[in-house]
Amino acid sequence: MTDNLQPDLTPATESTDESLLTRANTIVKAEDHATPLQLSNITIRYGGDKGGAEPVTVVEDFSLTLHAGEMHCIAGRSGSGKTSILTVGAGLTLPTSGRVLWEGDSLEKMGDDEIADRRRALIGYVDQGGALIDGMSALENVLLPAVPDGEVEQRTEMAKDLLDLVGLGRRMRHRPAQLSGGERQRVAIARALILGTRVLVVDEPTASLDRTSANRIISILKDTTSDGIAVLVASHDHELVRLSDTLTELI
Amino acid sequence: MNAVQRFIRSRVLLLTAAILIVAMCMSVFIQSQSQAALNRTVDENSRGLYDILVQAKAGNTKDGGALIQPDIANGQGGISFQQLEKIRGLGGTSVAAPISLVSRVTQNLEAPRLDAMDYLGYNAGLAGGATAGDPTGTDSKKWPAPESVLPAQPKKYRLTATAVSSDGVSQQTLFQASAEGTLGKGQVVEQQTAGGKSIRIAGPAGETGIKFPAPAGGSEHNLFNLSVALPMAPQVTESVVAVDPAAERALLGSAGDFLAPLEKAPPVDTRNAGAIGRYFEQLFAKSPTQQELEQGPDFLGVKLKYWAPLMTQYQQAKLSGQITDASQAIPLIVRQGTSLDLKYSVKIQEIDDSGKVVNDVGTVSRSLDKDYLPFVSKSPFALEWPGSTDHSQLLGNTGNFGQGLYQPAQWSTDFAAAPKYKDGEASANGAVGKSAMPGDWVTVNKLPEKSAFGAMVDQAQRKPVDERSYRENLSTGSKRATPLPMVYGTFDPAQIQKAAGDVNKLPLGGYDPAPMTLQKDAAGNDTAAKGLKPSLSATGLVSQSAGAITDYYGLAAARGYDSNANVIDAVRVRASAPGNWKQAQPDVDKLAAQIRDMGLEATVVAGSAREDANIFVPGYSKDDAGKESDLGTVVQSWVRQDAADAVSGSLTSTNITLLFLTLCGATLLTGASTVSYIRQRRSEAGILRAMGWTQKRVRRWVLEEFGIGAAILAVAGIALSLLSWNLATVIVSASVLLIYFAAAYFAAQQLRHRDVVDQEPQHDERLIAVDSPLTFAYRQLVTNRFNSVALAVAVGVFGAAVGALIALLIDIPRAAGASALSGLASATIALPSVTLAVCGVLVGLVLTLVTGRFELRAKREQLGTLKAMGWNPDMLGQVRFFENALVGTAALVLGVLGALGLGLLLAPYAALWAALAGLLAVLCWIPIATKVVK
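All figures in this text were calculated on a predicted structure; none of them were measured in a lab. (Residues numbered from 1 in each chain as written. Chains lettered and ligands numbered in written order. Predicted model: local features only at pLDDT ≥ 70, side-chain atom pairs only at ≥ 80, totals over all residues.)

**A short note on the overall build of chain A**
Part 1 of the argument: Scanning chain A from terminus to terminus reveals eight helices and nine strands.
Part 2 of the argument: The contacts in chain A between residues at least 6 apart in sequence include a share of 75% that link residues at least 24 apart. (Helix = DSSP H or I, 4+ residues; strand = E, 2+ residues; numbered from the N terminus. Contact = placed C-beta atoms within 7 Å.)

Here it is in structure tokens:
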């Protein structure tokens, strides 16, 4: 690894562009779903507590259309609602009002099981810090999304390829506690891509990382867009903001 | 931030201390309430009709806590009237009620007869005088037309009389006798005699009549019936008990009001049987009024309702020369009805000359039932020919005055040997098994040597039957002479039993019997519980209410004493000390000591209770060859001495054990939760170490926080101890505190520095691949071994504690013992005990869940991650379930084995139930914990 201050937009590992494209081309068909994620007039409000605290409106009347192959960055100060928008977009929480559309279908009409199934096929979510499962190796963490469909064995080679792609081919047997923050983020990104995700939702991927590690993450994210994957990223990293196709700045 | 602030900040410690204090308060409160209720129940129910049973020295020596045989009126006597008066004179005596067995009395019921309707219609010569002036008679013009069940031409009949008695297990035919002859419709015969015409009733020409062997007199026609004299009914043996009517009424309360006539009984010097008989003869010579006849003539202030038997017996005794100047009349209150099973039946068959049955007319029967009164009969023992109507009422009530006994009762003070009892093994619930050692056989069902009229009796018609008798031999009295029974009224044994109460009732032998129930046959096989009915050929073990109660003058008369001797079998003493048993105990003990100082045996029966004794009865019946057969095992209510102390002591210890178990279980789980909590503080400890704190200082830092919790617990414990003023509370509080300290020390030790990252091994390829919620859950538990084991131990301890609590609850009736008091007492503490156990289970459950909740934040993040990866709600639920199921599976071993071990230690009889309860508790924990994590 190098300590470049600028993001390196070339593939971060010894794997080739072809491997990624091949994987992407076989799974993602961007032309079918030009707008995989759409947020329409979203308002997110958190209720007050029993102690009498007033409800807080974090996001009000927010709209966003995410196109295939586009990287959209949501920037803003801490507490401005970036993560809230991402969790709503990923279907992990529902907005107070407004609509979330996945490939044109509103989440309002879906049950929990359907949301889970659609999320698995459409969205890869990368939490702040990676949110890896302790006690499981990097490879196992990457394969976790394949468990519900019983495709762990079939996806194992792909998982290894993805870990190679993010530069962790030699650390796939390590556990989260044995990985650095940047490595954990990259494992999380690989995990988010394992099922052929069309939308990558990434929360603060470079926070608390050194510049070199941050640049490596940014380059991986940028690479995915070239495969038609839409990336929705929340960050106040200037480099990430600069390289994003579109930007929303929350006040 | 000081230790108090840190303690408050660390919610878990605060919550744990709070839960422990609440558990302590609730447990101690419930336990103290339960204890109070137990004491109240035991005290209130341990003082019955009387407090002390006084018997003659060496008459019945008993060890403390032994079972008292249900027979204290045993005919042994030994206590004098002077001693009775001395007992009454003691300051602490409220009531001293003597009781004695007077005698056995054998009597024949009367001469039974079979009445066949043979009504000849109104005939002034036969009936005119009988109805004159009798308002209850029917006007002669309204008499119905003659009718008869007998044929105009005599037919040959065979009558078969049978008497059968049954104790409910075996049936004994006491006798069976047949007689044949011709019977036909009667007719009025007018004969010309020297002084004019005479009218008589006669049978049709050719009628032979039917005659059973002597003393039966044969058949005869009368105005309304053809009467056939039947063989005598079997003799019935009754016992007579003597009491002091005034003391007995004081003892029994209103249930003893039946004794009032005895208090008015004529004084001893006016009881000469001959004088009384002559008084009645003189009374009847003046033609008593109808009202006097119905209600009984007034004899020295006593309405003698049942006067007919006295008169009958007086006249017969006078005729046979049995009555002497020394003969006395004995005042009696007789038992209502009888439970003696005796059925007398007559089978009527029409036969031809060859003896072949040509028509079965029918069988009529009569039993000794509630219409029967010992010593007196309310109606003649007559059987009705099938199809008969009794027209004798046409004459009015006058016709019934002849009712009563026809044979004088045979009074006897000879008692056969009573059975002795030998203790066997005690059963699980403390009930004692016993074996009866049979007494002597006595012969019953004999006929009298002579009939009432002096004629010899044909003894061949009756086969004597051997039965066991149940009284000691007694040789007392000097001047035996035939006494006459004077029946003043009746008593209902059930009323007396009711008044005696259910718990501290001491059976009084023949006066207040304790029935027996057969539970196992002679081969030891279980039988349907069957109460043994008193019968004429019974074992003698089956007691029956006294046939009659008399007063002490009657006792002396029956035994032939001129003056009162040591004839009192027992004295029942009620102490004047008021209040419940505990309050009165010192005074009762003091009174008992004073009575013992008089040279008498004084058994304190207050604090005793009924208890069923299993008795094996050998030599129950004897066949013609003289071979004896066993009955089997019967259950009879005896009395357990000192039952109150035993019940109170064992239930108190059970209760306290329950309390300990509840709190110790909670405390152990507190330890487990504390350890889990410490793991949460490990990073904080690492920071402090980084700041230069030593291990020792870090430990002190932790212990200070626990010290606050311990101080709060100590304050709570002291406050509770002072409030309850109970040693158990002090011990429980101290135990909780001790275990809390131990948990704290152990927790502090866990904060030693560990190089978590560096020491973490690389991924082990041997681990099961994660490809399902089950394998995911397994991997998580393996990764967090310490937490998993801590939780499994907590759940296991929880299961073991539940098992032990259940074992104790199940064991309460056994621990309480087998007496009736134990049933009441265990019922009293059942609810508080269940509440206490439920409280303990809930505390344990809450604490296991609290232990689980320490990992909740990490789990929530983990589940959030899985959700973000597209795991649907079902799969997330499976992850939660499998995690808890695996913990529960690991905990099962500890839970079941722990419950079994504790069960064996605390209540061996319920150990298997404890293991089952432990298993269920752990299995139930799984879904509950799954729900909580959700």
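**Some words on the environment of Val604 of chain B**
Part 1 of the argument: Among the secondary structure elements, Val604 of chain B is positioned in strand β31 (residues 600–604).
Part 2 of the argument: Excluding its chain neighbours within four sequence positions, the residues that come into contact with Val604 of chain B are Asp51, Ile52, Val588, Asp589 and Ala592 of chain B.

**Let's talk about the nonpolar core**
Nonpolar side chains in soluble globular proteins tend to end up buried together.
All names here are of chain B.
Part 1 of the argument: Ile52, Val54, Val241, Ala804, Leu805 and Ala914 are the most contacted members of the largest nonpolar core, which has 272 residues in total.
Part 2 of the argument: Looking at this core, the element that brings in the most residues is helix α19 (residues 785–816), giving 20 residues.
Part 3 of the argument: Apart from the residues lying within four places of it in its own chain, the contact partners of Val54 are Ile79, Ile87, Ala570, Val571, Val573, Ile595, Leu600, Glu601 and Ala602.
Part 4 of the argument: By size, the runner-up hydrophobic cluster in this structure holds 37 residues, among which are Ala233, Val236, Leu340 and Leu383. (Core = buried A, V, L, I, M, F, W, Y, C linked by C-beta atoms within 7 Å. Buried ≥ 20, exposed ≤ 12 C-beta atoms within 10 Å, placed from the backbone.)

**Here we look at the sheet that holds strand β17 (residues 357–367) of chain B**
Residues and elements named next belong to chain B.
Part 1 of the argument: One open sheet holds the four strands; their spatial order is β7-β6-β16-β17, and the pairing between them is antiparallel. The open sheet terminates on both sides in strands that have one partner only, identified here as β7 (171–183) and β17. Recorded for the sheet is a direction-independent mean angle of 15 degrees between the axes of neighbouring strands.
Part 2 of the argument: Pairing of strand β6 (residues 155–166) with strand β16 (residues 343–351), which is carried by eight bridges, proceeds in the antiparallel orientation. Bridge pairing links Val164 to Lys343 in β16. (Pairing = 2+ DSSP bridges. Axes fitted to C-alpha atoms, helices over the stretch in contact; angles between N-to-C directions.)

**Regarding the packing of α19 of chain B against helix α22 (residues 873–906) of chain B**
All names here are of chain B.
Part 1 of the argument: As a packed pair, α19 and α22 sit with axes 7 Å apart at the nearest point and diverge in direction by 35 degrees. Of the two possible hands of crossing, α19 and α22 adopt the one that is right-handed.
Part 2 of the argument: When the residues that make up the contact of α19 with α22 are grouped by side-chain class, the tally is 17 nonpolar, eight polar and no charged. (Left-handed = near helix turned anticlockwise from the far one by under 90°. Nonpolar A, V, L, I, M, F, W, Y, C, P; charged D, E, K, R; others polar.)

**Quick look at the sheet that holds strand β3 (residues 71–76) of chain A**
Residue and element names in this part refer to chain A.
Part 1 of the argument: With parallel pairing, the five strands of this open sheet are ordered in space as β6-β7-β8-β3-β9. Both outer strands of the open sheet, β6 (123–126) and β9 (246–250), are each paired with one neighbouring strand and no more. Within this sheet the neighbouring strands show an average axis-to-axis angle of 15 degrees, counted without direction.
Part 2 of the argument: In the sheet, β6 pairs with strand β7 (residues 199–203) via four bridges, with the strands oriented parallel. Bridging from a neighbouring strand, Tyr125 pairs with Val201 of β7.
Part 3 of the argument: Here helix α6 (residues 181–193) sits on the sheet and contacts β6 and β7; the angle it forms with β6, its principal contact strand, is near 165 degrees.

**Topic: the environment of Met117 of chain B**
All names here are of chain B.
Part 1 of the argument: Assignment of secondary structure puts Met117 in strand β4 (residues 113–119).
Part 2 of the argument: Taking the C-alpha atoms as reference points, Met117 and His221, separated by 104 residues in sequence, lie 9.8 Å from one another.
Part 3 of the argument: If we skip the residues at most four places from it in the chain, Met117 touches Glu147, Ser148, Val149, Asn225, Trp385, Ser388 and Thr389.

Read these as geometric descriptors, not functional statements.
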